[in-house]
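Take a look at the letters that make up each chain.
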Amino acid sequence: MARVNFSSPQLTPPAWAGDFLDRHSLIPGGARINPADFAADVEGRKPIKSGTLLGRTFAERTAGTGFGVAAATDEEIYLLAFDVTDAVFCADCELYRHNSLVKENFLPDWATMATALKDKIRALYQTTTGVV
């Protein structure tokens, strides 16, 4: 029997997004996630927070591999626009368009993120510091 997936709509953008999450700031068509790149929680789900930096190489894109956790060697990098409840159950996601505004200090794991990845975010997006 097929599963039916219900989720409630997100009416406000996440704190890290400086732009409204409408058609102007999202990549059309969405994308896929590679669930193998993400850790499972105690219940076996693989949740991913919005604002997580996703990436893949051009070779992975050509092979049809979904986005995983971004690495400094990745050539195609985007921020995840909305939370993914369980990447194993549903690997679909929406990506935040380049040149959109990002409040970098509100991104998940910003404080511990590698400098090379911070530099990529700053090169691809318009960044600012959000007021706490």
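Here the structure is shown first, and the text comes after it.
On a predicted model such as this, the values are computed, not experimentally measured, just so you know. Residues take numbers from 1 onward in each chain, read along the sequence in its written order. It should be noted that, the model being predicted, local features are given only for residues of pLDDT at least 70 and side-chain atom pairs only at 80 or more, the latter also being counted only at that level, while totals for whole chains, interfaces and linings use all residues. Excluded from the side-chain calculations are hydrogens and water; all other atoms, namely the structure's heavy atoms, are used.

Digging into the overall build of the protein
Consideration 1: Put simply, DSSP H or I for four residues or longer makes a helix, DSSP E for two residues or longer makes a strand, and each gets a number counted from the N terminus. Counting its secondary structure elements, the protein contains two helices and eight strands.
Consideration 2: For the protein, the succession of helices and strands along the chain, N to C, is β-β-α-β-β-β-β-β-α-β.
Consideration 3: Values of the radius of gyration come from C-alpha atoms, whereas the globule rule sets the reference at 2.2 Å times the count of residues to the power 0.38. In terms of overall size, the protein behaves like a compact globule, its C-alpha atoms giving a radius of gyration of 15 Å where 132 residues would be expected to give roughly 14 Å.
Consideration 4: Its C-alpha atoms give the protein principal-axis dimensions of roughly 45 × 35 × 30 Å.
Consideration 5: Exposure categories follow from relative accessible area, calculated using a 1.4 Å probe and restricted to protein chains: below 20% of the type maximum is buried, above 50% is exposed, and the middle band is partly exposed. The 132 residues of the protein split such that 37% are buried.
Consideration 6: Contacts in the protein between residues far apart in sequence, at least 24 positions, make up 66% of those at least 6 positions apart.
Consideration 7: Method for areas: the Shrake-Rupley scheme with a 1.4 Å probe, in which residue coverage is limited to the protein chains shown. On the protein, roughly 8,000 Å² of surface is accessible, and the fraction owed to carbon and sulfur atoms is 54%.
Consideration 8: By the counting scheme adopted, Arg and Lys are positive, Glu and Asp are negative, and His together with the chain ends is not counted. Note on charges: their place is set at NZ of Lys, CZ of Arg, CG of Asp or CD of Glu. For the protein, the separation between the mean place of its 13 positive charges and that of its 16 negative charges on side chains is 2 Å. Here, two residues are considered to be in contact whenever any of their heavy atoms come within 4.5 Å of each other.

Some words on the side chain of Thr52
Consideration 1: Along the chain, the position of Thr52 falls in the loop between strand E1 (31–32) and strand E2 (53–56).
Consideration 2: Polar contacts here mean pairs of N or O atoms no more than 3.5 Å apart (in protein, one a potential hydrogen donor and the other a potential acceptor; neighbouring residues in sequence count only if both atoms are side-chain atoms). Engagement of the side chain of Thr52 in a polar contact is seen with the backbone oxygen of Lys49, the distance being 2.6 Å.
Consideration 3: Beyond its immediate stretch of four places on either side in the chain, Thr52 contacts Tyr78, Leu79, Leu80 and Pro108.

Description of the sheet that holds strand E3 (residues 68–69)
Consideration 1: Read from one edge of the open sheet, four strands run E3-E2-E4-E6, paired in antiparallel fashion. Whereas interior strands pair on both sides, the edge strands pair on one side only; in this sheet they are E3 and strand E6 (95–96). When DSSP finds two or more bridges between two strands, those strands count as paired.

Details of the pairing of E2
Here is the key point about a regular strand: its side chains alternate between the two faces of the sheet.
Consideration 1: Here E2 shows no split at all, with Leu53 and Gly55 on one side and Leu54 and Arg56 on the other all buried.
Consideration 2: Here E2 pairs with strand E4 (residues 76–80) via four bridges, running antiparallel. When the bridges of E4 are listed, Leu53 appears paired with Leu79.

Side note on the pairing of E4
Consideration 1: Of all five residues making up E4, five are buried, and the element is well covered by its neighbours.
Consideration 2: Bridge analysis of E4 against E6 gives two bridges, and the strand direction is antiparallel. Bridge pairing in E6 places Leu80 opposite Leu95.

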